[in-house]
Amino acid sequence: MTDAPLRCLLIARQGPEDREERIEDHLLELGELARSSGFEVAGQRRLKRHAVAPRTFYGSGQLEAVAEEASRQEVRLLVCDDELSGSQVNAIEKVTNLRCLDRTGLILGIFEQRAQTREAKAQVELARCEYELPRLKGAWTHLERQGGGVGLRGGPGETQIEVDRRMIRTRISQLKRELTHLEQVRETQRQGRPRGLPRVALVGYTNAGKTSLLKALTGEGEPRDLLFATLDTTTRKAWLGQDVDPETGEGSGEPRHCLVADTVGFIRKLPHQLVAAFRSTLGEVRTADALLVVADAAHPDLEEHLKVVGATLREIGCAPEGDEAQPRLLVLNQVDRLHRPQKLDLKRKHPAAVQTCALAGQGLDELRAWLKELIPGPPKPRELEAWELPEQTTALS
Ligand SMILES: Nc1nc2c(ncn2[C@@H]2O[C@H](COP(=O)(O)OP(=O)(O)OP(=O)(O)O)[C@@H](O)[C@H]2O)c(=O)[nH]1
Ligand SMILES: [Mg+2]
């Protein structure tokens, strides 16, 4: 028999500057995250508060009311949309007598469940260590028991919390070393890929349909209706059509291909520890020849999603303009879930975007045409000039 899912109550602070609908939308997304973690959502509450209460964030009075509702609904877990400090989590648990998880902790948990490869596992563990380090206070008793306490202490005067911090810092250094090594392996693999084929990365908000588009373009990929179904970058070859200019009929007639990389999705307030830890995986995005920015066109928060994606791309080092900027195409996916007037409205708002339905293959020809036109194809081999060649030096030793 499988265990029944843990029931949780979602809460979010509504400050004086926050619109009610905005917080409701955030709670809906938090619910998706909670369900993706395997929890059952029993209800959600907006807690109106002018200023943050330093100790409990939401204030004891509001939390006591939440605790009462939780007990009526047989809930044992509180999931908070706000990022809380370790001591605030402890204080909330004390006031409510419930387990408490903040947004970052929830997302980290999902990444931990999904991580399959050695690199993804190491990246997620690094993010977890960075998250736990400043939160250690008061949460060390299990480590003391595991380690047998006294034997682990580094010297007279080193407290248990210092021991724990030292252990986590050591682990962080180990993980960083391992990730540097794995990044080198990835670089070698990248160099081993077919030369001259242009590389395109699918990026975008989680659950937008990136993996579905990879599947539609290359025949491979496993889409799932889950947040953060994809953690690892997968690269596959896609056929773009023949090398023929449709207007002039000129061209070699050779089949044209590109490499398409599927990547981890973005989300509002993606924990910065995860962005930092996934830097090397996201290297595929930084070094791609072009980006296909995929969005769920039928999502009520489409515009906010696009802003989050823009900001996250900047955070990982992809500038939208300037010499380094990669060509980008906005792919408004899932348009099969929209009515015609909505599609026309979107066309007005985003005239340069391609509207697609990855499931039915709609819009893919337009997408392939963009890729074919944009990408010049394999660089023509040329003879290097003398100044470009390495100098003929004699060994000194
Ligand atoms: N109706 C409709 N559903 C779609 C379309 N594209 C994808 N989906 C569905 O949307 C869900 C998410 O698709 P994925 O391709 O896994 O999304 P993703 O962007 O890779 O998501 P993550 O890897 O979790 O970030 C799946 O249930 C897909 O079947 C589409 O064009 N139309
Ligand atoms: Mg995916």
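Residues numbered from 1 in each chain as written. Chains lettered and ligands numbered in written order. Predicted model: local features only at pLDDT ≥ 70, side-chain atom pairs only at ≥ 80, totals over all residues.

**With respect to the overall build of the protein**
Step number 1: In terms of regular secondary structure, the protein is built from 13 helices and 10 strands.
Step number 2: Taking all 397 residues of the protein together, the buried fraction comes to 34%.
Step number 3: Nonlocal contacts in the protein, meaning residues at least 24 apart in sequence, comprise 68% of its contacts between residues at least 6 apart. (Helix = DSSP H or I, 4+ residues; strand = E, 2+ residues; numbered from the N terminus. Buried ≥ 20, exposed ≤ 12 C-beta atoms within 10 Å, placed from the backbone. Contact = placed C-beta atoms within 7 Å.)

**Side note on the packing of helix H1 (residues 20-36) against helix H4 (residues 103-114)**
Step number 1: Packing of H1 against H4 leaves a shortest axis separation of 9 Å and a crossing angle of 40 degrees. On the basis of their axis angle, the class for H1 and H4 is oblique. Two packed elements cross with a definite hand, and for H1 against H4 that hand is left-handed. Packed against H1, whose contacting residues are Leu30, Leu33, Ala34 and Ser36, the element H4 presents Arg103, Leu106, Ile107 and Ile110 at the interface.
Step number 2: Its residues assigned to classes, the contact of H1 with H4 shows 6 nonpolar, 1 polar and 1 charged. (Axes fitted to C-alpha atoms, helices over the stretch in contact; angles between N-to-C directions. Parallel < 35°, antiparallel > 145°, perpendicular 65-115°, else oblique. Left-handed = near helix turned anticlockwise from the far one by under 90°. Nonpolar A, V, L, I, M, F, W, Y, C, P; charged D, E, K, R; others polar.)

**Here's the deal with the site of ligand 1**
Step number 1: Taken together, the neighbourhood of ligand 1 is formed by 23 residues, with Gly209, Thr211, Asp225, Thr230 and Gly265 sitting nearest.
Step number 2: Of the residues forming the shell around ligand 1, the biggest block, 3 residues, is contributed by helix H8 (residues 210-218).
Step number 3: Here the shell around ligand 1 is composed, by residue class, of 9 nonpolar, 9 polar and 5 charged. (Near = placed C-beta within 6 Å.)

**Some remarks on the UniProt feature "coiled-coil region" (unreviewed entry) in the protein**
Step number 1: Per the UniProt record, the feature "coiled-coil region" (unreviewed entry) sits at residues 165-192.
Step number 2: End C-alpha to end C-alpha, residues 165-192 measures 40 Å, and it is 100% helix and 0% strand. (UniProt positions renumbered as here; feature names shortened; annotations may be inferred.)

**Points about the pairing of strand S9 (residues 328-333)**
Step number 1: Bridging between strand S8 (residues 290-296) and S9 involves 6 bridges; their strand directions are parallel. Paired with Val293 across the bridge in S9 is Leu330.
Step number 2: The parallel pair S8 and S9 is bridged by helix H11 (residues 302-315), and the resulting crossover is right-handed.
Step number 3: Taken together, the 2 bridges between S9 and strand S10 (residues 354-355) define a ladder with parallel strand orientation. Bridging across to S10, Val331 finds its partner in Val354.
Step number 4: As for the winding sense of the linkage, the β-α-β connection from S9 through helix H12 (residues 340-349) to S10 is right-handed. (Pairing = 2+ DSSP bridges. Right-handed = clockwise from strand over helix to strand, strands pointing away.)

**Observations concerning the sheet that holds strand S1 (residues 7-14)**
Step number 1: Here 4 strands make up an open sheet; going across it, the order is S2-S1-S3-S4 and the pairing parallel. Edge positions in the sheet fall to strand S2 (40-48) and strand S4 (99-102), since each has one partner strand and no second. Within the sheet, the average angular offset between the axes of one strand and its neighbour, ignoring direction, is 25 degrees.
Step number 2: Sitting on the sheet, helix H3 (residues 86-96) touches strand S3 (77-80) and S4, and the angle it makes with S4 is about 145 degrees.

**Quick look at the domain arrangement of the protein**
Step number 1: For the protein, the assigned domains read domain 1 (7-109), domain 2 (115-180) and domain 3 (196-374).
Step number 2: Measuring from the centre of the C-alpha atoms in domain 1 to the corresponding centre in domain 3 gives 33 Å.
Step number 3: Between domain 1 and domain 3, the contact holds 8 residues from the first and 7 residues from the second.
Step number 4: Contributions of two or more residues to the side of domain 1 that touches domain 3 are made by H1 and H4.
Step number 5: Classifying every residue of the side of domain 1 that touches domain 3 gives 3 nonpolar, 2 polar and 3 charged. (Domains from an automatic or database assignment.)

**Description of the environment of Gln116**
Step number 1: Relative to the assigned elements, Gln116 resides in the loop between H4 and helix H5 (118-132).
Step number 2: Residues Gln116 and Gln362 lie 246 residues apart in sequence; the distance between their C-alpha atoms is 32 Å.

**Focus on the environment of Arg186**
Step number 1: Structurally, the position occupied by Arg186 is in helix H7 (residues 160-192).
Step number 2: We classify Arg186 as partly exposed; it has 17 C-beta atoms within 10 Å.
Step number 3: Spatially, the C-alpha atom of Arg186 lies 16 Å from that of Leu175, the residues being 11 residues apart in sequence.

**Comments concerning unusual backbone geometry**
Step number 1: For Phe57, which is not glycine, the phi dihedral falls at a positive 65 degrees.
Step number 2: Relative to the helices and strands, Phe57 is located in the loop between S2 and helix H2 (60-72).
Step number 3: You can call Phe57 buried: it has 24 C-beta atoms within 10 Å.
Step number 4: With a phi angle near 70 degrees, Asn207 is a residue other than glycine that sits in the positive phi range.
Step number 5: In this fold, Asn207 is placed in the loop between strand S5 (199-204) and H8.

**Some remarks on the sheet that holds S9**
Step number 1: If you trace the 6 strands from one edge of the open sheet to the other, you get S6-S7-S5-S8-S9-S10, paired in mixed fashion. The open sheet terminates on both sides in strands that have one partner only, identified here as strand S6 (234-242) and S10.
Step number 2: Against the sheet, H11 contacts S5 and S8, and its axis sits at roughly 150 degrees relative to S8.
Step number 3: Those strands touched by helix H13 (residues 364-374) are S5, S6, strand S7 (255-262), S8, S9 and S10, and its axis lies near 90 degrees from that of S6.

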